[in-house]
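Inside the fold
In case you want the letters, here they are:
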Amino acid sequence: MEELRKHQVSLRGASAREISRDALLEKVSLEREHRNYARKAASASIYIQKVWRSYNETRKVAIKFQDEWESLVKNPAEFMTGELVSSSVLRPFIFFITCLSIRPQKILARELKCMQTCFGILLESINSTDSKKNICSLIVDMAEQRRTSMYQMQKLISLCSFILSECDTSPAGSQDIVVLTSLALRLVVVLTDLKSWKIVNDENIKEADAAVKNLVSFMGSCRSGLYASLRRYISRLDVCFSPKGKSIVQTDDKFLISASAVTIAIRPFSLTTFNMVDCSKFEVHSAAEQYCLYLLTIPWLTQRLPAVLLPALKHKSTLSPCLQLLLISKDEIVRKMPDIDQSSMDCSLNVVPPVGWALVNIIALTAGSENEFLHSEALNQGLQYASYAHVVIILADNLLAWLHNTGWNEKGNQNLGNDGPYEPSVSMQENKTATVSLQTSFTDLFRPVSQQWHLKKLLEISKVYAHTDETKILPPNNLESLENLRLLDIAYFYSYMLRIFAAFNPMIGPLPLLNMLSFTPGFLGNLWGVLESSIFHGNRHTFGDASHSRSKVSGKKKQVIDKKLKQAGNDGVSKWANVLQKLTGKSQVEVDFSDPADDDQVDEDAFDIWDVESLRHGPQGISKDMFCLLHLFCATYSHLLLVLDDIEFYEKQVPFTLEQQRRIASVLNTLVYNGLSYSVGQQNASLMDSAIRCLHLIYERDCRHQFCPPALWLSPARRSRPPIAVAARTHEVLSANIRSEDAVVGHSMGSVITSMPYVFPFQERVQMFREFISMDKVSWKMAGEVSGPGSRSIEIVIRRGHIIEDGFRQLNSLGSRLKSSIHVSFVSECGLPEAGLDYGGLSKEFLTDISKAAFAPEYGLFSQTSTSDRLLIPNAAARFLENGIQMIEFLGRVVGKALYEGILLDYSFSHVFVQKLLGRYSFLDELSTLDPELYRNLMYVKHYDGDVEELCLDFTVTEESFGKRHVIELKPGGKDVCVTNANKMQYVHAMADYKLNRQILPFSNAFYRGLTDLISPSWLKLFNASEFNQLLSGGDHDIDVDDLRNNTRYTGGYSEGSRTVKLFWEVMNDFEPKERCMLLKFVTSCSRAPLLGFKYLQPSFTIHKVASDTPLWAAIGGSDVERLPSASTCYNTLKLPTYKRSSTLKAKLRYAINSNAGFELS
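I will try to describe carefully the structure that is included in this document. Keep in mind the model is a prediction, meaning the values are calculated, not measured.

This part takes up the overall build of the chain. On a plain count of helices and strands, the chain comes out with 48 helices and 12 strands. Across the 1162 residues that make up the chain, the buried fraction comes to 51%. Sequence separation of 24 or more characterises 76% of the internal contacts of the chain that already satisfy a separation of 6 or more. For the chain, the exposed surface amounts to about 54,500 Å²; the carbon and sulfur share of it is 52%.

A cis amide bond links Val654 to the next residue, Pro655, at an omega of 0 degrees. Positionally, Pro655 belongs in the loop between helix 28 (646–651) and helix 29 (658–677). The residue Gln653 is not glycine, and still its phi comes out positive at about 55 degrees. Secondary-structure assignment places Gln653 in the loop between helix 28 and helix 29. Of note, the phi angle at Asn883 is positive, near 60 degrees, even though the residue is not glycine. Looking at the element boundaries, Asn883 is found in the loop between strand 6 (872–874) and helix 37 (884–901).

Looking now at the packing of aromatic side chains. The way to describe two aromatic rings as a pair is by their centre distance and the angle between their planes. In total, this model carries 44 aromatic pairs according to the counting rule given. An aromatic cluster of at least three residues, connected via ring pairs, comprises Trp300, Trp357, Phe442, Phe446, Phe501 and Phe504. When the ring centre of Phe536 is taken as origin, the NZ or CZ atom of Arg663, which lies over that ring, is 4.1 Å away. In this arrangement the basic side chain of Arg800 is found over the ring face of Phe826, its NZ or CZ atom lying 3.9 Å from the centre.

To continue, consider the sheet that holds strand 11 (residues 1126–1128). The strand order 9-10-12-11 describes an open sheet built from 4 strands, whose pairing is mixed. With one partner strand each, in any of the chains shown, strand 9 (1048–1051) and strand 11 form the two edges of the open sheet. Mean inter-strand twist for the sheet, computed between neighbouring axes without regard to direction, equals 25 degrees. Where strand 11 lies against strand 12 (residues 1133–1137), 3 bridges are found, and the strand directions are antiparallel. Within strand 12, the residue paired with Ser1128 across the bridge is Thr1133.

Attention now goes to the packing of helix 22 (residues 487–504) against helix 23 (residues 511–518). In contact at an axis separation of 9 Å, helix 22 and helix 23 are set at 150 degrees when each is read in the N-to-C sense. In this view, helix 22 runs roughly antiparallel relative to helix 23, as classed from their interaxial angle. Contacts from Tyr494, Met497, Leu498 and Phe501 in helix 22 reach Leu513, Leu514, Met516 and Leu517 in helix 23. Classifying every residue of the contact of helix 22 with helix 23 by side-chain character gives 8 nonpolar, no polar and no charged.

Burial of helix 8 (residues 226–235) is extensive: 8 of the 10 residues sit out of reach of the surface. Listed in full, the buried residues belonging to helix 8 are Leu226, Tyr227, Ser229, Leu230, Arg231, Tyr233, Ile234 and Ser235.

So, on to the pairing of strand 9. The side-chain alternation of strand 9 yields one buried face, formed by Thr1048 and Tyr1050, and one unburied face, formed by Arg1049 and Thr1051. As paired elements, strand 9 and strand 10 (residues 1101–1106) share 4 bridges and run parallel to each other. Bridge assignment links Tyr1050 to a residue of strand 10, and that residue is Ile1103.

Quick look at the nonpolar core now. Core analysis: the biggest nonpolar cluster contains 295 residues, and Phe93, Phe119, Tyr494, Met497, Tyr637 and Phe909 have the highest contact counts within it. With 14 residues, helix 22 is the single largest residue contributor to this core. In this structure, Phe93 is in contact with Trp69, Cys114, Met115, Cys118, Phe119, Leu156 and Leu159, ignoring residues within four places of it in sequence. Membership of the second largest hydrophobic core comes to 30 residues, among which are Tyr1050, Leu1079, Leu1080 and Phe1094.

Overall, the coordinates contain 3 cavities of 30 Å³ or more when judged by the stated rule. Computed from the structure, the largest cavity encloses a volume of approximately 60 Å³. Lining the largest cavity are Leu641, Leu697, Glu700, Arg701, Arg704, Phe923, Asp925 and Glu926. When residues in the lining of the largest cavity are grouped by element, the largest group, 4 residues, is from helix 30 (residues 685–704). For the lining of the largest cavity, the residue count by class is 3 nonpolar, no polar and 5 charged.

Quick look at the environment of Ser131 now. Mapped onto the secondary structure, Ser131 falls in the loop between helix 4 (109–126) and helix 5 (143–166). The exposure class assigned to Ser131 is partly exposed, which follows from its relative accessible area of 40%. In contact with Ser131, other than residues within four places in its own chain, are Ser137 and Ile199.

Rules behind the numbers
- Residues numbered from 1 in each chain as written.
- Predicted model: local features only at pLDDT ≥ 70, side-chain atom pairs only at ≥ 80, totals over all residues.
- Heavy atoms only, no water.
- Helix = DSSP H or I, 4+ residues; strand = E, 2+ residues; numbered from the N terminus.
- Buried < 20%, exposed > 50% of the residue type's maximum accessible area, 1.4 Å probe, protein only.
- Contact = heavy atoms within 4.5 Å.
- Areas by Shrake-Rupley, 256 points an atom, 1.4 Å probe, with all protein chains shown as cover.
- Phe/Tyr/Trp six-rings, centres within 6.5 Å; stacked < 30°, edge-to-face > 60°.
- Lys NZ or Arg CZ within 6 Å of the ring centre and 35° of its normal.
- Pairing = 2+ DSSP bridges.
- Axes fitted to C-alpha atoms, helices over the stretch in contact; angles between N-to-C directions.
- Parallel < 35°, antiparallel > 145°, perpendicular 65-115°, else oblique.
- Nonpolar A, V, L, I, M, F, W, Y, C, P; charged D, E, K, R; others polar.
- Core = buried A, V, L, I, M, F, W, Y, C linked by side-chain atoms within 4.5 Å.
- 1 Å grid on protein atoms, 1.4 Å probe; cavity = no way out; pocket = protein on both sides within 12 Å on 5 of 7 lines; lining within 4 Å.
- Points joined across faces, edges and corners; volume = space filled by probe spheres on them.

In structure tokens:
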């Protein structure tokens, strides 16, 4: 209580109440604020009253002046001299018009009539040849009159600009304002044209010329408001996209207004030329700045104006100063663009910013209008095209920055950034439709850029500066460099264009641009030349066979290398162990950190050759110049690879030799791996997308016909590759947690496995695949969905003679429940149940037998390719079979079950079919793996030198099934379209597309549905087509006897030193490969060895002793055991009698493995 009283102030005598000191101070402060506010409010009120009284008095005076002026102009004879026109007519007119029209920003009918009268009087005076009657004589007279008259003329120009801004030439606009605007612009044209001054003579021509230049200079300044008014006027004009409509010359007042407006807009540019060396001489700086800010940012500028007026806007005297100003003051100009008045614009500037419209308008004005862009003569002759290219680069860079800042990505999508689900309203959907339409028409304005003559023109100019070192990154930003044009600048130009096309036209993207770039002769080669010099620093040594020959490395050096590798491997393990610990919450001791598979087959130097040092930090470690070069190269080359056939790639080696192809692959492989590993951001997404696409196409071609050494693909990840368990679990966790729209930003080891799994050796990927399945089995068992062997397994009864029908009937409807164990009971062809308990062996036998029967060509679901390896492909006639599509879907589940359980099957699919299962599109060059004869015929058509019409081809293909012929059109109306030299490329690719994609699509989709019921698509993408077949059918068609021997278990009294066991291994070595495979199938029900070796065969391969006593007389007579060997596929056990001689053992084994029986032999 005492403490509280210390903070109180007694106010006894004034009040009996006591308050604290803090409350008193707060009360006083509030009262002070109230008094200050009241004082400011009173001052503001007084000021407002003062301004209002002033405005009211001024308006009264202006109305009085207007009344007197209207009475005065009724008798024009009273002011026939120029001096009277200036003092009695023009002076009061400017005063009351400024007060009554310009300040309120509206033109009433009375003021409009006054303006028409005044402009008529002025034009009559200017056209008079009598110097006393001509008002222009005052401008060339004494200094005092000259200043007054100049001020009046400037005010007139401002007034005419204001009238132009209010003019509306649409049908809804007033015809009176159109007539007034035409009269006002005519007055400005006359005032700023020395030839229109009738009183000019030799004595006053110097003063008159100076006066005209003064007016023109004022007109080009921001004080006149001319360009802002012209912007508002042009923005009201209709947009005409038809070249025919634009070519019609109008003769009415609307056309005269447009023509006059353009005339006075470009008149300030005639004052002087621009000198980049001495910027002080740039007298048209203000006009060029106004032109850039107000005119070039008008949406569809060239589509709004009549075509006959465009040459004036695109003339080099007009456009060059603007381009040069943008080069010098780029930051200032671009910063001002968003601040200009946009009130007269529609939604165009919300979808495309002013810098975007400035970009397309400069391209349209420089490279030709819409009806001229097909001709190279459309280029503006005499213009500095190096400046044009640099300006386009600057504006495109700013447009891309705007897209990034507003949340638009380069695929035409907008990142809204909200956490919850986004549901657009109906109005928003309508706006989206309008936005897409506007974006499409916006990209149409870039059409000159996608013409080959445009690129050739720039390349031709760049040859002049070919002596410039292209490898210099980030050249100095000086005036001299802005006047030069290098290949690097062209790379910037088209790299930005590709990204803009992709962002604003997501439907077709940059396809027109890529078509042009890909087929421009020499362009890709020049790009790669600059890249190669920059990346490898001029080191062009040949290293094609580096991976096939081992270097001689000293012992000391080898120790250093091994030490570095070990350290790097430990660092990689720790890094990904920490990642997994954060994602799963498990400690490091709970995870198996087994070392990756040994890569001792390839020496360290071979790896180093293919691991490009300058790209080891991904896109973040390269310069902006290198970024653009790589982006343009990858996008262009990936597009060309789609249509490049194997003859061109391998035999003719165009556009690159195979050695160059290996270098390109090593560059992209290093870039992509490190880009994915270092978590690149959205700003690098365009480069990563194009690089990944290009790398995939090169890798897939290498998979079909190898031209790269294996070390090339493995080299980037050799030091930082994580253990298999860590990589697999990290990938699964990231796949479950990261949403698809975050995939670009969330690059990590998970996306490395998805995008480029081949950096892991095949053996490691097989281990990773098995790890994925192990994790899946654990999760399904925890959820109670999958049951192991026992009472909860799926029991089926299969008749030997109806294995396909019984399997389809009992298993097809199970879907993903096939992940559970299957208990199979066989019924022999005699109708008797076969002996044996199924602990996995019989189910393996069932899967093997059903696949063998169903995939046989005579069954009709699948056929064999015409290649030498006779691979399986869906039969086109399967659609006509009963339940044909459903049967193929069921076979997908059978294959999925085999992969899920690690069971090997004895067949392989066509490369093209597997590509569909892996979610990849097939292109022309892959046809050689499916139908070599058709591929050769199509190549003949493609490279045919004569007239293709002589071959009598059309856009159809004929198929025959069950004796009936079916004609299929490759495109609508194809039977009526003949193949000509003009469309032969379209025919070749249409035929290839039908054979590779359209024909097998229904079957591949059905097979895919069944397969993915058990196997996740992301697991399948670990492998290419050849590796998928290897995963399915095992390794070579032989058995590693030593590996089998090292992983064999002996029971029943046998040991490794037993006589019969030794005889068995001798016989195994003597067997043919086919016989060894048959023996393996006899014991395990599968003829192929596990991909990871017999170490992973579960249960282990076992040889069990079967005691067989031979009678004494038989042994003396040379006889041996008569009993046959038998097998227990449930336990992978060979029951081997105690044979005494090798010949007997071999004969009995051969009989047993050819009998197609197991338990019965017991």
